[in-house]
Structure formats: C-alpha cells, structure tokens
Protein chains: 2
Amino acid sequence: MTLSALPALSDIPEAVVPGVLRIENSDKDTTTPIIVDMLRSVYPHDQIFGDFCPVQAYIAAPPREVYEYLADTRSLEEWTYSLRGFVETEEPELWLAYDRLGDATEIYTRTVANPDAMTVDYHCAWDQGKHLWMIYLMRVVDAQVVLNKPGSVVLWNNCRHPFYDENPYPETAPPKRPVWVGDFWDMFSAGHQLEMDNLKAICEYRAAHGLPIKPEWMA
Amino acid sequence: MTLSALPALSDIPEAVVPGVLRIENSDKDTTTPIIVDMLRSVYPHDQIFGDFCPVQAYIAAPPREVYEYLADTRSLEEWTYSLRGFVETEEPELWLAYDRLGDATEIYTRTVANPDAMTVDYHCAWDQGKHLWMIYLMRVVDAQVVLNKPGSVVLWNNCRHPFYDENPYPETAPPKRPVWVGDFWDMFSAGHQLEMDNLKAICEYRAAHGLPIKPEWMA
C-alpha cells in the first residue's frame, strides 16, 4: 500500500488550492518556520476574542447531569450573572426573562439541546422574541474521554453577530435605555469566564454535597 | 410578577456557593472592576492554549455540505497537513492512516458525528487503535443563524489529555522514533489554524467552482 492511495483533491486541477499547505507541497522543513511564526508569547485581545468568544472549563460533576442541567433554560437563572425571572411565554419553549444588566430589559430564550451530542444552544435576543440572534453555543463533553478523569468539560462559544454592533430592532427597546447588549462584546470573554466559574462552582458544590446537579425545583 | 419568582439555588444553604458572583450578591458597581481586571490587552499563550486549543473559522460554503464532508474520515486526507493513506481496518469505522509528521507513525481514527447537532469528533491515537484518547472536537454551525450571512462557522477544540505529556503505550511506538505527538501540543494552536485555513480554502474553492464540497471520490 502506498501512502497516497486515496485520490485527495483529485477534483481540483493539479490538486492545488491557493493557500493550502500540505506535506506534499510544503515539507516539514518549510512548514516549521511558518508554524513557529504564527506562535506568540502573547496574543492581542482582538485576535483571540474579536470574532468569537471561546471559553472552556473542567467541572468535577457527571457530564450527563451537567448536560441535563444546562439543557433546562431555567438553569440560566442560577449560573448567569444577571438573567432573572424566567417564565415560559405562550409560544412553547420560548422563555421570557430580564437581563438585569440592562435594567428593565427583556430577554427571550429558546434552548435547543441535543442529548446525544450534548450540545446546548441558547438562542436569545434582547427586547423581542421573533429573531433570536444571540446564540450561546455550549457543549458538554465527558472528561473521562478527553482528560482521562471523571467529570465534565464544558465548551462555550459565541460568534460576533453583526447585530452586536447595531441594534436592528431599536423600536423594541425600552425608551432611553442607555446601553445595548453589543456594548459588552469586548467584555464577553471575562463575563462569560465569570459565568463559567459560577457554573463550575454550583455544579461542583452540588456534586460534592450529594445534591442533584439539576435541582429538584426544576423537576 | 417579581424578578425573583424562581427559587434559584434553593437547595443550597442561604443560596450562597463560594466563588459564585450573581447580581444579587455582587452588584454592577462591584462586579464591573472585577470584569475589567480580568481583561488584558494581551494574553499569554498558556492562558489561551494551555489546557484547551480553541480554533474557529467562517467558511463560505453550505453548512450541511461542510458537515457531511467533515463527517467522512477520509476528508482528513485532504485538509490535514500530514495524515495520509486512510484505509478502513477490520474493525468497522476504525480507520488506519499515517501521520507523516512522525515518519512511519500509524494513526487510528474513529469518527463520531451527529447530523442534528452537526458535531464531528475524531477519536484518534498514534500507534494503536485500542484506546483513542486524542479527541478532535469539531462542530459546524449555520452562519446564517450566528453571523447573519450564508455559510458555515466551524468550531474546533482539543483538550490537553495527560497522555500528551507522556506516551502511555510506548511499546506500540516504532523503534527509536524521536518524537511524540504531545511534543507538538504547544504548536497545536498554530498547526490547527493552518489546517483550519486548509479546510476553509478547500471548501471555498469547491463552493466557488460549483464542485460538491464532499468530492465524488468519497461517495
């Protein structure tokens, strides 16, 4: 068997796509300095958190239970800094709450969760529930598989939707509200880290005290 | 309705967990300087890429097609820098290839994909296929939802499994191999960015030229 038995890129003339570096067209001696040149001792905030906002944590609590907790929209009442007063609207699975960062700001949330992949996506928006454009992408991973120890890894990411830069529905905002959610984008990395720390502390407290991760009041 | 209608943390004495910051116990004036103090103009490499390796990209190609492409293990033959010669082993869905970074190093891969969540996890290992501990966690997201434009967002993360620091199965390695996969952990952020750039370039080339994202040779 040869190492190139598969016809990789055979649909592309001469198998060359501009900008693609593969060991065939850029050997180790050529590529190593390219890689090393991409590495930095420090990275600017915008390079890391400009367009996406990745935050990760290990949590010493069972992954299936952490997933079930996150998949319940009401968990946001506990581990977020400022989302409070969740009530289900007349539209099934669409929840209304208040983001107390924005005074009397309403926030709408629909949670889309997949128990097999253990993804939990919070589709949210300030002020209105018709277009849920603030998407919190989360995923619970079994730490036994990825870190060789019991517990959970929680991955969280947000994408910089253009509406963060400009409110597309200003008519739905409370009069004279001085802030817009996108004003906080540059602080999301720290704010989400703070909330991830909350999630970790709450789940680990419950796990260590023999309490269900998803509390009984959510049952 | 009051803002605290739900009995958040009611299973916990006085609803206080050490280290948890919520607007009830840490108001905006108290919390803002905490958040600001977490922000930096630059972040050290290890803080960002020490325990996890998040990489993200926007790709101008349809998300369902990008997912289907990634979900086929053989796509790695195209967009990775050095994984070549994929053949299915006698164990169904377990593939053998060579990581040409490690000369004659075998790499085993089982791909676990979820079409609803569009997660694609490559469970891999150098040298042996019994314990697949190198887990590449990927996910395709519809950019229309998260960025308000057609295309895909690809999220990719790896967790620093302890075996990166020490090969747990040295007896399976080729004799006198001078490198171990974990030697490259500190370069993963750049190496994975390079490979993400490959993935983006290949998918965008195909999309722009009317070619199927998953090429016919994989059908």
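From a predicted model like this one, the values you see are computed outputs, not experimental measurements. (Residues numbered from 1 in each chain as written. Chains lettered and ligands numbered in written order. Predicted model: local features only at pLDDT ≥ 70, side-chain atom pairs only at ≥ 80, totals over all residues. Heavy atoms only, no water.)

With that out of the way, let us pick up the interface of chain A and chain B. Listed per partner, the contact involves 95 residues of chain A and 94 residues of chain B. Both sides together, the interface formed by chain A and chain B hides about 7,800 Å², and carbon and sulfur atoms give 68% of it. Put simply, chain A and chain B have eight salt bridges between them. Between E24 of chain B and R84 of chain A there is a salt bridge, with the nearest N and O atoms lying 2.7 Å from each other. Put simply, chain A and chain B have 36 residue pairs in polar contact (both at pLDDT 80 or more) between them. Per element, the largest residue contribution to the side of chain A that touches chain B is ten residues, and it comes from helix 6 (residues 188–208) of chain A. (Contact = heavy atoms within 4.5 Å. Buried area = accessible area lost by both parts, 1.4 Å probe. Salt bridge = Lys/Arg side-chain N within 4 Å of Asp/Glu carboxyl O. Polar contact = N/O pair within 3.5 Å; in protein donor to acceptor, adjacent residues only side chain to side chain. Helix = DSSP H or I, 4+ residues; strand = E, 2+ residues; numbered from the N terminus.)

Another aspect to go through is the sheet that holds strand 3 (residues 83–88) of chain B. Residues and elements named next belong to chain B. Reading across from one edge, 2-8-7-6-5-4-3 is the order of the seven strands in this open sheet, with antiparallel pairing throughout. Each edge of the open sheet is held by one strand with a lone partner, namely strand 2 (55–59) and strand 3. The average undirected angle you get between the axes of adjacent strands in this sheet is 25 degrees. Bridging between strand 2 and strand 8 (residues 152–157) involves five bridges; their strand directions are antiparallel. The residue bridging Q56 from the neighbouring strand is L155, located in strand 8. Contacts from helix 6 (residues 188–208) reach strand 2, strand 7 (134–142) and strand 8 within the one sheet, and its direction differs from that of strand 2 by about 15 degrees. (Pairing = 2+ DSSP bridges. Axes fitted to C-alpha atoms, helices over the stretch in contact; angles between N-to-C directions.)

Another aspect to go through is the relation of the copies chain A and chain B. Expressed as a screw transformation, the operator carrying chain A onto chain B has a rotation angle of 180 degrees and an axial translation of 0.0 Å, and the superposed copies differ by an RMSD of 0.0 Å. Overall, the copies show the geometry of a two-fold rotation axis. The residues that chain A uses at the interface reappear at the interface of chain B in 99% of cases, marking a shared surface. (Least-squares fit on C-alpha atoms with pLDDT ≥ 70 in both.)

Residue and element names in this part refer to chain A. Most of strand 6 (residues 119–126) is tucked away: eight of the eight residues are buried. Taking every second residue as pointing to the same face, both faces of strand 6 are buried, with T119, D121, H123 and A125 on one and V120, Y122, C124 and W126 on the other. Here strand 5 (residues 105–114) folds back onto strand 6, and the loop between the two strands holds four residues, one of which, M118, carries a positive phi near 55 degrees. Bridge analysis of strand 6 against strand 7 (residues 134–142) gives six bridges, and the strand direction is antiparallel. Bridge pairing in strand 7 links H123 to I135. (Buried < 20%, exposed > 50% of the residue type's maximum accessible area, 1.4 Å probe, protein only.)

Time to look at the nonpolar core. Core analysis: the biggest nonpolar cluster contains 122 residues, and W79 of chain A together with W79 of chain B have the highest contact counts within it. When residues in this core are grouped by element, the largest group, nine residues, is from helix 6 of chain B. (Core = buried A, V, L, I, M, F, W, Y, C linked by side-chain atoms within 4.5 Å.)

At a minimum axis distance of 8 Å, the contact between helix 1 (residues 28–38) of chain A and helix 6 of chain B shows a crossing angle of 110 degrees. In terms of orientation, helix 1 of chain A and helix 6 of chain B fall into the roughly perpendicular class. Where helix 1 of chain A crosses over helix 6 of chain B, the handedness of that crossing is right-handed. Across from T31, I35 and M38 of chain A in helix 1 of chain A, the residues of helix 6 of chain B making contact are A190, G191, Q193 and L194 of chain B. Of the residues that constitute the contact of helix 1 of chain A with helix 6 of chain B, the class distribution is four nonpolar, three polar and no charged. (Parallel < 35°, antiparallel > 145°, perpendicular 65-115°, else oblique. Left-handed = near helix turned anticlockwise from the far one by under 90°. Nonpolar A, V, L, I, M, F, W, Y, C, P; charged D, E, K, R; others polar.)

Residues and elements named next belong to chain A. With respect to topology, seven strands assemble into an open sheet ordered 2-8-7-6-5-4-3, the strand pairing being antiparallel. Both outer strands of the open sheet, strand 2 (55–59) and strand 3 (83–88), are each paired with one neighbouring strand and no more. Each strand of the sheet is rotated relative to its neighbour by a mean of 25 degrees, with strand direction disregarded. Here strand 5 pairs with strand 6 via eight bridges, running antiparallel. Paired with R110 across the strands is H123, a residue of strand 6. Relative to the sheet, helix 3 (residues 63–70) contacts strand 5, strand 6, strand 7 and strand 8 (152–157), its axis offset from that of strand 7 by approximately 160 degrees. Docked against the sheet, helix 6 engages strand 2, strand 7 and strand 8, running at close to 15 degrees with respect to strand 2.

Below, the discussion takes up unusual backbone geometry. One non-glycine residue with positive phi stands out, namely D127 of chain A, at about 75 degrees. Among the structural elements, D127 of chain A can be located in the loop between strand 6 and strand 7. A positive phi angle, close to 60 degrees, is found at K176 of chain B, a residue other than glycine. One can find K176 of chain B in the loop between strand 8 and helix 6.

Residues and elements named next belong to chain A. Pairing analysis gives four bridges linking strand 3 to strand 4 (residues 94–99), with the strands arranged antiparallel. When the bridges of strand 4 are listed, V87 appears paired with L96. Counted between consecutive antiparallel strands, the loop separating strand 3 from strand 4 contains five residues, among which E93 sits at a positive phi close to 70 degrees.

Taken as a whole and judged by the stated rule, the model has 24 salt bridges over all chains. In this structure, the salt-bridge partner of R110 of chain A is E91 of chain A, at a minimum N-O distance of 2.6 Å. Here E91 of chain A lies in the loop between strand 3 and strand 4 and R110 of chain A lies in strand 5, a separation of 19 residues in the sequence. Taking the relative accessible area as the measure of exposure, R110 of chain A reaches 24% and is therefore partly exposed. The partly exposed category is assigned to E91 of chain A, whose relative accessible area is 38%. One salt bridge connects D127 of chain B with R177 of chain B, and the closest N-O pair in it is separated by 2.7 Å. Of this pair, D127 of chain B sits in the loop between strand 6 (119–126) and strand 7 while R177 of chain B sits in the loop between strand 8 and helix 6; the two residues are 50 residues apart in sequence, bridging distant segments of the chain. It is possible to trace a salt-bridge network through shared partners that takes in R22 and E24 of chain A together with R84 and R100 of chain B.

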